[in-house]
Amino acid sequence: MPPIDIRPIQTADAASFRACLDAVARERRYLAQVEAPPLERVQQFVADSVANDAAQYVAMRDGQVVGWCDVFAHWAHALQHVGTLGMGIMAAHRGQGLGRRLIERTLQHAQDKGIYRVVLEAREDNHRAIRLYESVGFVREGRAPCAMRFDGVFHTAITMARLQGPARDAQ
Ligand SMILES: CC(C)(COP(=O)(O)OP(=O)(O)OC[C@H]1O[C@@H](n2cnc3c(N)ncnc32)[C@H](O)[C@@H]1OP(=O)(O)O)[C@@H](O)C(=O)NCCC(=O)NCCS
């Protein structure tokens, strides 16, 4: 297998990133969305990420995006140090340590950009994701019953957070 490179997203990745996001979303299990937004919206989103040097990384294999991880900061003044993490990897590439490589790079970039509290929600039965998050220092902050609903079925989510940079010593 050719090596998988982890790097910041580029504008030229938009279509390939959209395809990867779409594939994971269509599993109707892990992400809140069940399909990717239209290409034009994804292109704009990626262009904004690149222009703002946002913490958005992709895993590239053979010129195609096979995974992503991003942390986007909140816009409101008192919440600008808070970012929400999202990630996904194509099914064939899971369980091989790619998630860890992606999340470590993205969290470091987020910290460098002044994001000191990273939050996320994971479905309670998404054991692999929760295991990954805990292994990089996320802690469980709560349990949110009926937080997600897929095809009429409610699912509980675990809310998690990781403090980094100056926030780690400020509790
Ligand atoms: C969640 C996801 C990003 C993790 O990435 P990954 O590359 O598959 O994970 P890794 O190979 O880095 O492994 C992460 C940890 O999970 C563990 N793990 C692997 N398979 C597992 C399983 N079936 N159950 C529980 N833990 C598992 C690994 O051992 C590893 O822990 P360790 O480092 O302590 O050994 C990836 O599986 C994915 O994209 N899933 C679908 C989309 C998704 O869930 N997104 C997140 C929504 S909150």
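A few points on the structure. (Residues numbered from 1 in each chain as written. Predicted model: local features only at pLDDT ≥ 70, side-chain atom pairs only at ≥ 80, totals over all residues. Heavy atoms only, no water.)

Some thoughts on the environment of A157
Part 1 of the argument: Inspection of the secondary structure puts A157 in strand 7 (residues 153-163).
Part 2 of the argument: Sequence spacing of A157 and G99 is 58 residues, and the spatial spacing of their C-alpha atoms is 20 Å.
Part 3 of the argument: Every residue in contact with A157, bar those within four places of it in the chain, is listed here: E121, A122, R123, E124, G142, R143, A144 and A147. (Helix = DSSP H or I, 4+ residues; strand = E, 2+ residues; numbered from the N terminus. Contact = heavy atoms within 4.5 Å.)

Section: the sheet that holds strand 1 (residues 5-8)
Part 1 of the argument: Pairing is mixed across the open sheet formed by seven strands, whose spatial order is 1-2-3-4-5-7-6. On the outer flanks of this sheet lie strand 1 and strand 6 (139-150), each paired with one strand and no other. Across this sheet, the average inter-strand angle for adjacent strands is 25°, counted without regard to direction.
Part 2 of the argument: Strand direction decides the pairing type here: strand 6 and strand 7, joined by eight bridges, are antiparallel. Within strand 7, the position partnered with R143 by the bridge is I158. (Pairing = 2+ DSSP bridges. Axes fitted to C-alpha atoms, helices over the stretch in contact; angles between N-to-C directions.)

Points about the nonpolar core
Part 1 of the argument: L85, M87, L102, I103, Y133 and F138 are the most contacted members of the largest nonpolar core, which totals 28 residues.
Part 2 of the argument: It is helix 3 (residues 98-112) that provides the largest number of residues to this core, a total of five residues.
Part 3 of the argument: Beyond its immediate stretch of four places on either side in the chain, Y133 contacts L85, M87, I103, L120, A122, F138 and M160.
Part 4 of the argument: Counting residues in hydrophobic clusters, the runner-up holds 15 residues, among them C20, V24, V42 and V46. (Core = buried A, V, L, I, M, F, W, Y, C linked by side-chain atoms within 4.5 Å. Buried < 20%, exposed > 50% of the residue type's maximum accessible area, 1.4 Å probe, protein only.)

A look at the site of the ligand
Part 1 of the argument: The ligand sits among 21 residues. The nearest are I89, G95, G97, G99 and N126.
Part 2 of the argument: In the environment of the ligand, an oxygen atom lies 2.8 Å from a nitrogen or oxygen atom belonging to the backbone of G95.
Part 3 of the argument: G99 places a main-chain nitrogen or oxygen 2.7 Å from an oxygen atom of the ligand.
Part 4 of the argument: In the complex, the protein chains occlude 76% of the 950 Å² of accessible area that the ligand would expose alone.
Part 5 of the argument: Looking at the shell around the ligand, the elements that each hand over two or more residues are strand 4 (82-89), helix 3, strand 5 (117-123) and helix 4 (127-135).
Part 6 of the argument: Looking at the shell around the ligand, the element that brings in the most residues is helix 4, giving six residues. (Near = heavy atom within 4 Å. Polar contact = N/O pair within 3.5 Å; in protein donor to acceptor, adjacent residues only side chain to side chain. Areas by Shrake-Rupley, 256 points an atom, 1.4 Å probe, with all protein chains shown as cover.)

Considerations on unusual backbone geometry
Part 1 of the argument: Residues other than glycine seldom take positive phi values, yet D53 does so here, at roughly 50°.
Part 2 of the argument: In this fold, D53 is placed in the loop between helix 2 (39-51) and strand 2 (55-61).
Part 3 of the argument: Unlike most non-glycine residues, C146 shows phi in positive territory, near 60°.
Part 4 of the argument: By secondary structure assignment, the location of C146 is in strand 6.
Part 5 of the argument: For C146, a relative accessible area of 47% puts it in the partly exposed group.

Some thoughts on the pattern of salt bridges
Part 1 of the argument: Applying the stated criterion to the full structure yields 11 salt bridges.
Part 2 of the argument: When the shortest N-O distance is used, the salt bridge between E141 and R117 registers 2.9 Å. Here E141 is found in strand 6, whereas its partner R117 is found in strand 5, with 24 residues between them in sequence.
Part 3 of the argument: Between E124 and R143 there is a salt bridge, with the nearest N and O atoms lying 2.7 Å from each other. Placement of E124 in the loop between strand 5 and helix 4 and of R143 in strand 6 is noted, with a sequence separation of 19 residues between them.
Part 4 of the argument: Since its relative accessible area comes to 51%, R143 is described here as exposed.
Part 5 of the argument: Residues participating in the shared-partner salt-bridge network are D22, R26 and E35. (Salt bridge = Lys/Arg side-chain N within 4 Å of Asp/Glu carboxyl O.)

Keep in mind these values describe shape, not function.
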